[in-house]
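# Per-entry structural report
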Amino acid sequence: MSHSPDFARSRPMAAWLEHLGSVDSTNRLLLEKAAELPGWAVMVTDLQTGGRGRSGRVWDAPAASSLLASVLIRPVGVRATEFGWLPLIAGLSMVDAIAALSPKVRAAVKWPNDVLIRDHKVCGILSELLPDASGVVIGSGVNLFQTREQLPIDTATSLTLEGVEIAEVDELLAQYLRELRRNVDEFEALAGELDGSDLLQRIRAACTTIGRDVRVILPDSSEFLGVATDIDALGRLVVRGSSETLTVSAGDVVHLRHN
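A brief structural summary.

Rules and cut-offs
As a convention, each chain's residues are numbered from 1 in the sequence order in which they are written. Per-residue local features are limited, in this predicted model, to residues with pLDDT of at least 70; the limit for side-chain atom pairs, both in listing and counting, is 80 or more; totals at the level of whole chains, interfaces and linings are taken over all residues. With hydrogens and water stripped out, all remaining heavy atoms of the structure feed into the side-chain values. DSSP calls a pair of strands paired once it identifies at least 2 bridges connecting them. Strands are runs of DSSP state E lasting at least 2 residues, helices are runs of H or I lasting at least 4, and numbering of each runs from the N terminus. Angles shown run from 0 to 180 degrees and are taken between the N-to-C directions of axes, each axis being a line fitted to C-alpha atoms and, for helices, limited to the stretch in contact. Between Lys or Arg on one side and Asp or Glu on the other, a salt bridge is scored when a side-chain nitrogen of the former is within 4 Å of a carboxyl oxygen of the latter. Relative accessible area decides the class of each residue, using a 1.4 Å probe on protein chains only: under 20% of the type maximum gives buried, over 50% gives exposed, and in between gives partly exposed. Contact criterion: two residues are considered in contact whenever any of their non-hydrogen atoms come within 4.5 Å of each other. To be clear, the arc concerns the directions from the helix axis to the C-beta atoms. Definition of a polar contact: a pair of N or O atoms within 3.5 Å, with one able to donate and the other able to accept a hydrogen when the atoms are protein atoms, and with sequence-neighbouring residues admitted only if both atoms are side-chain atoms.

## What about the sheet that holds strand E12 (residues 237-240)?
Spatial ordering of the open sheet is given by E13-E12-E11-E10-E14, a layout of five strands whose pairing is antiparallel. Two strands in the sheet have a free side with no partner beyond their single neighbour: strand E13 (245-248) and strand E14 (252-255). Strand-to-strand, the axes of this sheet are offset by a mean angle of 40°, without reference to chain direction. Where E12 meets E13, four bridges bridge the pair, whose relative direction is antiparallel. Across the sheet, Leu237 pairs through a bridge with Val248, a residue of E13.

So this is what it looks like as structure tokens:
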């Protein structure tokens, strides 16, 4: 496999692209540089030494085994209050990219920001707001070439293990950027108002959380059990419990195993 340091496929999809051999966090560095960079600036690395997932969790992977990239997005004509859609849009875009490269492999979004294949995590997404709220940095970490032994947990997988044949990191990054641009263009055309849109229908269709029994761990550490029934017009997960229905805008969602 080649890791294509020139990123010839991806550069035409980016306004600016920097490839680093190693960095603590592409999100941190892109956030730091954002004031001097245009929208659709991309930072990609072979090794991330201080990568973070949601809630400050560590993201760790062997060098050159993953797609580790961050994208600066400054949505035009969209209020910052609607930026909460962007992790879901990024997840949909990664699902679309995997489908384009390997139509037989079905990836899906776990609300709000993981991508799964056969209920195993293949990608994590972390979206962070710029200090001036003019946009967001969206980081994606995709397991590409890891063997089973290289994966940190049993519930993770890699594209190679799932039979997705990718010759180089650049191949997936270019396809992801292509799909992300298409979906963000639609998001901008809707001014962030997704109610009744085709984009919302595609987000719902890609979301494997809908229809599942779930445990929601809320920001105050309380838990709510129920069935995830929908993603509403604000991007919140609708969970029907035994006595009440909850709309969740933030929290960790655990898929409970089917009986």
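## Digging into the pattern of salt bridges
Inspection of the entire model under this criterion finds 16 salt bridges. Between Arg202 and Asp96 there is a salt bridge whose closest N-O contact spans 3.6 Å. Of the two residues, Arg202 sits in helix H4 (residues 198-206) while Asp96 sits in helix H2 (residues 86-101), which places them 106 residues apart along the sequence. Judged on exposure class, the residue Arg202 and its partner Asp96 are both buried.

## With respect to the pairing of strand E6 (residues 107-110)
Side chains Ala107 and Val109 of E6 all project onto a buried face; the interleaved residues Ala108 and Lys110 project onto the opposite face, where all are buried too. Linking E6 to strand E7 (residues 114-117), which pair antiparallel, is a turn of three residues.

## A look at the sheet that holds strand E8 (residues 120-129)
The strand order across the open sheet formed by seven strands is E1-E2-E5-E9-E8-E7-E6, and the pairing between neighbours is mixed. In the strand order of this sheet, the two ends are held by strand E1 (16-23) and E6, each with one partner. Taking the axes of each pair of neighbouring strands and ignoring which way they run, one obtains an average angle of 20° across the sheet. Sheet topology note: the E1/strand E2 (residues 41-48) ladder contains seven bridges and is parallel. In the sheet register, Val23 faces E2, and the bridge partner there is Gln48. Set on the sheet, helix H3 (residues 169-189) makes contact with E1, E2, strand E5 (66-73) and strand E9 (136-143); between it and E5 the angle comes to about 30°.

## Description of the pairing of strand E11 (residues 223-231)
Sheet topology note: the strand E10 (residues 213-217)/E11 ladder contains five bridges and is antiparallel. Considered in E11, the bridge of Arg215 is made with Leu225. Between E10 and E11, which follow one another and run antiparallel, lie five residues, and Ser221 among them has a positive phi close to 75°. Inspection of the sheet shows E11 paired to E12 by four bridges, in the antiparallel sense. Considered in E12, the bridge of Asp230 is made with Val238.

## Some details on helix H1 (residues 26-33)
Among all positions in H1, only Thr26, Asn27, Leu29 and Leu30 are buried. Looking down the long axis of H1, one finds its buried residues gathered within 165° of arc, a one-sided arrangement. Measuring from the backbone nitrogen of Asn27 back to the side-chain oxygen at the start of H1 gives 3.3 Å, which picks out Ser25 as the cap.

## Here we look at the side chain of Ser65
Inspection of the secondary structure puts Ser65 in the loop between strand E4 (58-59) and E5. Polar side-chain contacts of Ser65 include one of 3.4 Å to the side chain of Ser66. Those residues in contact with Ser65 that lie beyond four places of it in its chain are Val142, Asn143, Leu144, Phe145 and Gln146.

## Quick notes on the environment of Ser65
Ser65 sits in the buried class, given a relative accessible area of 5%. Ser65 sits 104 residues away from Val169 along the chain, and the two C-alpha atoms are 8.7 Å apart. At 3.4 Å, the side chain of Ser65 and the side chain of Gln146 are in polar contact.

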